[in-house]
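Here's the letter readout for the chains.
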Amino acid sequence: MVSILGAVLIYCAHGFPPWGNPNSPASRHVSPYYIEQTMRDTSVPNIVTAVLADYRSYDTMFETIVNFTAGIACIFLLRTRQRTDAETRLYRHVPTGITLRIEKGGKFPEDSYDFERIDSEWVPYDLIVKTTCRLIVPFIQLFALYVIAHGHYSPGGGFQGGVILGAAMLLLAVSFDLRSAKRRLGEKMAALLGTLGVLIYAGTGIICNLLGANYLDYSALAPLFGADSISARSHGILMVEIGVG
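These numbers were taken from a predicted model, which means no experiment stands behind them.

Asker: Tell me about the pattern of salt bridges, and please be specific about residues and values.
Answerer: Where charged atoms from two side chains of opposite charge come close, those side chains can pair. Scanning all chains against the criterion turns up four salt bridges. Ionic pairing is found between Asp59 and Arg56, a salt bridge with its closest N-O pair at 2.6 Å. Among the residues examined, Asp59 registers a relative accessible area of 40% and is labelled partly exposed. Among the ionic pairs, Glu63 bridges to Arg56, the shortest N-O distance being 2.6 Å. Overall, the relative accessible area of 32% leaves Glu63 in the partly exposed class. Here the residues in one salt-bridge network are Arg56, Asp59 and Glu63, joined through shared partners.

Now the structure itself:
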């Protein structure tokens, strides 16, 4: 079946214009419009952001929903449904690097800054790696917010900024441990933020409907922002980019 479908696709590919043909309809009609009219229509210098979040915003919304669905599927497939507290825990004394094994019934130093819980498989303590990551993670997160907010005027946007935010949490989990990362961004909070992002994107379109315009026609938001219709499209792009991020 896959071979048949592949053969059909190859056969149909002969109907497309030659690769890189400057006289193809896309090169003569579609691309020039976006290059020449994006600034006039949306007041957004970044053509890529304008195309993704405005001209084809309906398609991008479903891309966001696909990402959200994939994340929810990972939670259902990978989560531990029953919490099992181990009878034995390992703690590292941070000032000395000594590892303590505390049996069930002993006092666990959960709230002490001098001890950190480690996994049953021993994790080497690396002061340089942990200190460096702890210092740069806030700047990574700040840069991620910059990428989301400045996606109009420079390379970036919601998808790119969201990836950088996710990378910051992964760096924290790798340099410390997964437990430390989950304390800062747990499963429930991650699912809540993912749901909120989709609601922001879809909700922006619904607001446009309620104001008498087409779905995701940001020009209808002009009365809410107290701006003209072109500036309203720019603000609407920022709203959905925040949802994507």
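Asker: Quick one: what's the story with the environment of Thr195, residue by residue and with numbers?
Answerer: Note on placement: Thr195 falls in helix α8 (residues 187-210). Overall, Thr195 belongs to the partly exposed group, its relative accessible area being 33%. At a separation of 2.8 Å, a polar atom in the side chain of Thr195 contacts the main-chain carbonyl oxygen of Ala191.

Asker: Describe helix α4 (residues 57-78), with residues and values.
Answerer: Under the 1.5 Å per step criterion, the end-to-end length of α4 is 31 Å for 22 residues, consistent within 8% with the ideal 32 Å. Those residues of α4 lying buried are Ser57, Thr60, Met61 and Thr64. Taken down its axis, α4 places every buried residue within 110° of arc, on the same side. Turned more than 90 degrees away from the buried face of α4 sit Val66, Phe76 and Leu77, all of them exposed. Those residues of α4 hidden inside the fold are in contact with α3 (47-55), α6 (158-175), α8 and α10 (229-244).

Asker: Go over α3 with me, naming the residues and quoting the values.
Answerer: Three or more residues of α3 are buried, namely Thr49, Ala50, Val51, Ala53 and Asp54. For α3, the elements touching its buried residues are α2 (25-42), α4 and α10. N-capping of α3 is provided by Asn46, with a side-chain oxygen placed 3.1 Å from the backbone N of Val48.

Asker: Please set out the packing of α8 against α10 residue by residue, giving values where relevant.
Answerer: Interhelical geometry of α8 versus α10 gives an angle of 155° and a closest axis separation of 7 Å. The angle between α8 and α10 falls in the class roughly antiparallel. Pair α8 / α10 crosses with left-handed handedness. Within the contact between the two elements, α8 uses Gly197, Ile200, Tyr201 and Thr204 and α10 uses Met239, Val240, Gly243 and Val244. A class-by-class count of the residues in the contact of α8 with α10 yields five nonpolar, three polar and no charged.

The rules behind the values
- Residues numbered from 1 in each chain as written.
- Predicted model: local features only at pLDDT ≥ 70, side-chain atom pairs only at ≥ 80, totals over all residues.
- Heavy atoms only, no water.
- Salt bridge = Lys/Arg side-chain N within 4 Å of Asp/Glu carboxyl O.
- Buried < 20%, exposed > 50% of the residue type's maximum accessible area, 1.4 Å probe, protein only.
- Helix = DSSP H or I, 4+ residues; strand = E, 2+ residues; numbered from the N terminus.
- Polar contact = N/O pair within 3.5 Å; in protein donor to acceptor, adjacent residues only side chain to side chain.
- Expected span 1.5 Å × (residues − 1).
- Arc of directions from axis to C-beta.
- Contact = heavy atoms within 4.5 Å.
- Axes fitted to C-alpha atoms, helices over the stretch in contact; angles between N-to-C directions.
- Parallel < 35°, antiparallel > 145°, perpendicular 65-115°, else oblique.
- Left-handed = near helix turned anticlockwise from the far one by under 90°.
- Nonpolar A, V, L, I, M, F, W, Y, C, P; charged D, E, K, R; others polar.

In short, geometric facts, not functional conclusions.
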